[in-house]
Each structure stands twice: as C-alpha cells, then as structure tokens.
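# Understanding the architecture of this molecule
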Amino acid sequence: MDRPKMLKLPEVLEEIEMSRAAFYRLRARGKAPKLIKLPNGQLRCRRSDLDAWWSSMEDAA
C-alpha cells in the first residue's frame, strides 16, 4: 500500500503560486488547503487535500 503523497509547504506555495505571507492570511481565514503539523513542527499537505482545495477554488470562481 502506498502512503499518500505529502507535499512540503514550499512545494505547495510553488504549485499555487502564492507567497508564504498570503498563504498564512488565507489559512487564518480558513480558506487554505488542509495542513498537517508533524511532530518536528514542519507542515505537510496531502496531495489529495491540495487537489480537493483546487476543486473547491474552481467551484467558487
């Protein structure tokens, strides 16, 4: 069984073409893709969560 693809925050920011500051503003409003905080404090985003977020952005447009 394959583990779900986990993206690092810089990879997410590059894909959605957004600055870190803009991403955190979006996150503060509850509009950003779901992130997972690892025990070491790093953030990850599941590929499936990012894809779902993209879909929700298309629906909202």
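Here the structure is shown first, and the text comes after it.
Residues numbered from 1 in each chain as written. Predicted model: local features only at pLDDT ≥ 70, side-chain atom pairs only at ≥ 80, totals over all residues. Heavy atoms only, no water.

## A short note on the sheet that holds strand β3 (residues 43–46)
Spatially, β1-β3-β2 is the arrangement adopted by the 3 strands of the open sheet, whose pairing is antiparallel. The open sheet has two edge strands with one neighbour each: β1 (6–8) and β2 (36–37). Helix-sheet contacts for helix α1 (residues 9–16) involve β1 and β3, and the interaxial angle to β1 is about 85 degrees. (Pairing = 2+ DSSP bridges. Helix = DSSP H or I, 4+ residues; strand = E, 2+ residues; numbered from the N terminus. Contact = heavy atoms within 4.5 Å. Axes fitted to C-alpha atoms, helices over the stretch in contact; angles between N-to-C directions.)

## Structural notes on the packing of α1 against helix α3 (residues 47–60)
At a minimum axis separation of 12 Å, α1 and α3 run at an interaxial angle of 25 degrees. With respect to each other, α1 and α3 are oriented roughly parallel. The chirality of how α1 crosses α3 is right-handed. Where α1 approaches α3, its residues V12, E15 and I16 are matched on the opposing element by R47, L50, W53 and W54. Its residues assigned to classes, the contact of α1 with α3 shows 5 nonpolar, no polar and 2 charged. (Parallel < 35°, antiparallel > 145°, perpendicular 65-115°, else oblique. Left-handed = near helix turned anticlockwise from the far one by under 90°. Nonpolar A, V, L, I, M, F, W, Y, C, P; charged D, E, K, R; others polar.)

## Quick look at helix α2 (residues 20–28)
Buried within α2 we find A22, F23 and L26. Down the axis, α2 shows its buried residues gathered within 100 degrees of arc, on one side only. Summarising the contacts, the buried residues of α2 are in contact with α1 and α3. (Buried < 20%, exposed > 50% of the residue type's maximum accessible area, 1.4 Å probe, protein only. Arc of directions from axis to C-beta.)

## Section: the pattern of salt bridges
Tallied over the entire structure, the rule returns 3 salt bridges. With a shortest N-O distance of 2.7 Å, R47 and E15 are connected by a salt bridge. With R47 in helix α3 and E15 in helix α1, this residue pair connects regions lying 32 residues apart in the sequence. Here R46 makes a salt bridge to D49, at a shortest N to O gap of 3.7 Å. A residue is classified by how much of its surface remains accessible, and R46, at 29% relative accessible area, is partly exposed. One connected set of salt bridges, linked through shared partners, spans E15, R47 and D51. (Salt bridge = Lys/Arg side-chain N within 4 Å of Asp/Glu carboxyl O.)

## Digging into the side chain of R44
Within the element layout of this structure, R44 appears in strand β3. E11 provides the closest opposite charge to the buried, salt-bridge-free R44, at an N-O distance of 6.5 Å. Of the polar contacts made by the side chain of R44, one reaches the side chain of Q42; its length is 2.8 Å. (Lys, Arg positive; Asp, Glu negative; His and termini not counted. Polar contact = N/O pair within 3.5 Å; in protein donor to acceptor, adjacent residues only side chain to side chain.)

Scope: geometric values only; no functional claims are made or implied.
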